[in-house]
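An overview of the molecular structure
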Amino acid sequence: MSQVQTVTVGPGDGDQRLDRWLKRHFPHLGQGPIEKMCRKGELRVDGGRCKASTRLSVGQQVRIPPLPDPDEARAKALLPRTPPRVNAEDVELIQSCVLWKDDHVIAINKPAGLPTQGGSGQLRHVDGMADALRFGMDEKPRLVHRLDKDTSGVLLLARTREAAQALTAALRHKQTRKIYWAVVAGVPTPYLGEIRYGLVKARGHGKGGEAEKMVCVHPRDIGTTEGAKRAHTLYATLYRVASRASWVALEPLTGRTHQLRAHMAEIGHPIIGDGKYGGSGQENMGDGWGAQLGGVISKKLHLHARSMSFEHPRTRKTITVTAPLPDHMKHTWDTFGWTEDLAEGDPFESLQ
């Protein structure tokens, strides 16, 4: 084992994820040990706790705990490994979710309630089922972005390392376009608009800070609020049911955690089924507040990643993938007399 060391991020190492920086300097380190060191607080950036996805800047100080000997790590890596097993039920489920695929990219319609990746107590997730999406390729597809557990819709996976790098860069530089559909309490006015509240993470009430949520910050206060990040959402009110609920299209121009959910709650129109940001009770009496409608309307989150457009990493052509609604939202559409074809065209065309 090595000793504790502090390494300064050099001029050529800025603007990259902590895990990738570590693997570049310590090739014997795997993703699992890096994630574990972050969770335990052994890895620190400028003295603070960090995540594997933390982006580094030139001049930052990275505290690295004692690492295993490289020779031991290499010997362990040479041991035969049993590939992860995906049961037949999960194979059928995840393969039925495929919307579009070629030799470079796979797009799936992620079911509501299925996490994108594993976490505390999460043993069943898209990343764990990705082995069933090889379709003859040597490597399992790689996730290039995420959706919340209870959000359904278009999720991209890269089938090659090169495609993963290209798609990740496109997402980072806002060269993709995502449009979500949601049902919200009340009727947002004006019908077409934008939300620019910043977001800052608030610690949860659990022993380890669980149940953390994002808090909106007025644009004028973002620069003076520690940890606040700018966030920008477009919304379009498509159809409504009197004053009780609306079908809205949402386009996040930034990609912050829980951005759409926090933004819609902040303007007084929480997404139906969102107990975290809209209250879990049946509070919506037509005044635009409360995340439950009651009656036959499902209590599940009504947020769906309807479509995603991206530049293909190999052909450079623009690909648009569209995902049909999940069952609980389809039932709501049927109840309100809405059909998916009512939203043809670009709802944000006048804002482009």
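Here the structure is a predicted model, which means the values were calculated and not measured. (Residues numbered from 1 in each chain as written. Predicted model: local features only at pLDDT ≥ 70, side-chain atom pairs only at ≥ 80, totals over all residues. Heavy atoms only, no water.)

Okay, helix 2 (residues 31-39) next. Taken residue by residue, helix 2 has Ile34, Met37 and Cys38 as its buried positions. Seen along its axis, helix 2 keeps its buried residues to an arc of 100 degrees; they face one direction. Buried residues belonging to helix 2 abut helix 1 (18-25) and strand 4 (48-49). Gly41 lies just past helix 2 and shows a positive phi near 80 degrees. (Buried < 20%, exposed > 50% of the residue type's maximum accessible area, 1.4 Å probe, protein only. Helix = DSSP H or I, 4+ residues; strand = E, 2+ residues; numbered from the N terminus. Arc of directions from axis to C-beta. Contact = heavy atoms within 4.5 Å.)

Quick look at the UniProt feature "active site" (unreviewed entry) in the protein now. Following the UniProt record, the feature "active site" (unreviewed entry) maps to Asp148 here. Its location among the elements puts Asp148 in the loop between strand 9 (142-143) and strand 10 (152-158). (UniProt positions renumbered as here; feature names shortened; annotations may be inferred.)

Attention shifts here to the pattern of salt bridges. Scanning the model with the defined rule gives 17 salt bridges in all. Here Arg17 and Asp19 are joined by a salt bridge, their closest N and O atoms 2.8 Å apart. Residue class for Arg17 comes out partly exposed when judged on its relative accessible area of 23%. Here Asp19 falls in the buried class, since its relative accessible area comes to 3%. (Salt bridge = Lys/Arg side-chain N within 4 Å of Asp/Glu carboxyl O.)

This part takes up the nonpolar core. For soluble globular proteins, the rule of thumb is that nonpolar side chains tend to be buried together. Among the nonpolar cores identified, the biggest contains 28 residues, and Ile108, Val126, Leu250 and Leu303 are the most heavily contacted of them. Going through the elements one at a time, strand 8 (105-110), helix 5 (126-129), strand 10, strand 11 (177-185), strand 16 (245-252), helix 7 (259-266) and strand 17 (303-311) are the ones with two or more residues in this core. If you count residues domain by domain, this core takes at least three from each of domain 2 (88-175) and domain 3 (178-351). Counting residues in each nonpolar core, the second largest holds 18 residues, with Ile179, Leu325, Trp338 and Phe348 among its members. (Core = buried A, V, L, I, M, F, W, Y, C linked by side-chain atoms within 4.5 Å. Domains from an automatic or database assignment.)

A few words now on the state of the cysteines. Tallied over the full model, the rule gives 0 disulfides. Unpaired in this structure, Cys50 has its nearest cysteine sulfur neighbour in Cys38, at a distance of 4.4 Å. A residue is classified by how much of its surface remains accessible, and Cys50, at 8% relative accessible area, is buried. (Disulfide = S-S within 2.5 Å.)

Now for the environment of Pro141. Position of Pro141 relative to the elements: it lies in the loop between helix 5 and strand 9. Overall, Pro141 belongs to the buried group, its relative accessible area being 2%. For the pair Pro141 and His104, spaced 37 residues apart in sequence, the C-alpha to C-alpha distance is 9.1 Å. Discounting chain neighbours no more than four positions away, the residues touching Pro141 are Ile106, Ala130, Leu133, Arg134, Leu157, Ala158 and Arg159.

Backbone torsion omega between Thr189 and Pro190 reads 0 degrees, so that peptide bond is classified as cis. One non-glycine residue, Phe135, lies in the positive phi region at around 50 degrees. The topology assignment puts Phe135 in the loop between helix 5 and strand 9. Positioned with a positive phi, His258 is a non-glycine residue whose angle comes to about 55 degrees. In this structure, His258 sits in the loop between strand 16 and helix 7. Assessed through its relative accessible area of 15%, His258 is described here as buried.

Of all the 6 residues making up strand 8, 6 are buried; the element is thus mostly covered by neighbouring parts of the structure. The alternating pattern of strand 8 places Val105, Ala107 and Asn109 on one face and Ile106, Ile108 and Lys110 on the opposite face, and all of these are buried. Bridge analysis of strand 7 (residues 98-101) against strand 8 gives 3 bridges, and the strand direction is antiparallel. Across the sheet, residue Val98 finds its bridge partner in strand 8, namely Ile108. Hairpin connection from strand 7 to strand 8: 3 residues lie between these consecutive antiparallel strands. Judged from the 6 bridges that link them, strand 8 and strand 10 form a sheet pairing that is antiparallel. (Pairing = 2+ DSSP bridges.)

Here we come to the packing of helix 1 against helix 2. Contact geometry of helix 1 with helix 2 gives a least axis separation of 11 Å together with a crossing angle of 125 degrees. Judged by the inter-axis angle, helix 1 sits oblique to helix 2. Note that helix 1 runs across helix 2; the crossing there is right-handed. Contacts from Leu18, Asp19, Leu22 and Lys23 of helix 1 reach helix 2 at Gln31, Ile34 and Cys38. Of the residues belonging to the contact of helix 1 with helix 2, the class tally is 4 nonpolar, 1 polar and 2 charged. (Axes fitted to C-alpha atoms, helices over the stretch in contact; angles between N-to-C directions. Parallel < 35°, antiparallel > 145°, perpendicular 65-115°, else oblique. Left-handed = near helix turned anticlockwise from the far one by under 90°. Nonpolar A, V, L, I, M, F, W, Y, C, P; charged D, E, K, R; others polar.)

Below, the discussion takes up the sheet that holds strand 4. If you walk across this open sheet you meet the 4 strands as 1-6-3-4, and the pairing is antiparallel. At either margin of the open sheet sits one strand with a lone partner, and together these are strand 1 (5-8) and strand 4. Judged from the 2 bridges that link them, strand 3 (residues 44-45) and strand 4 form a sheet pairing that is antiparallel. Each residue of the ladder has a partner; that of Val45, found in strand 4, is Gly48.

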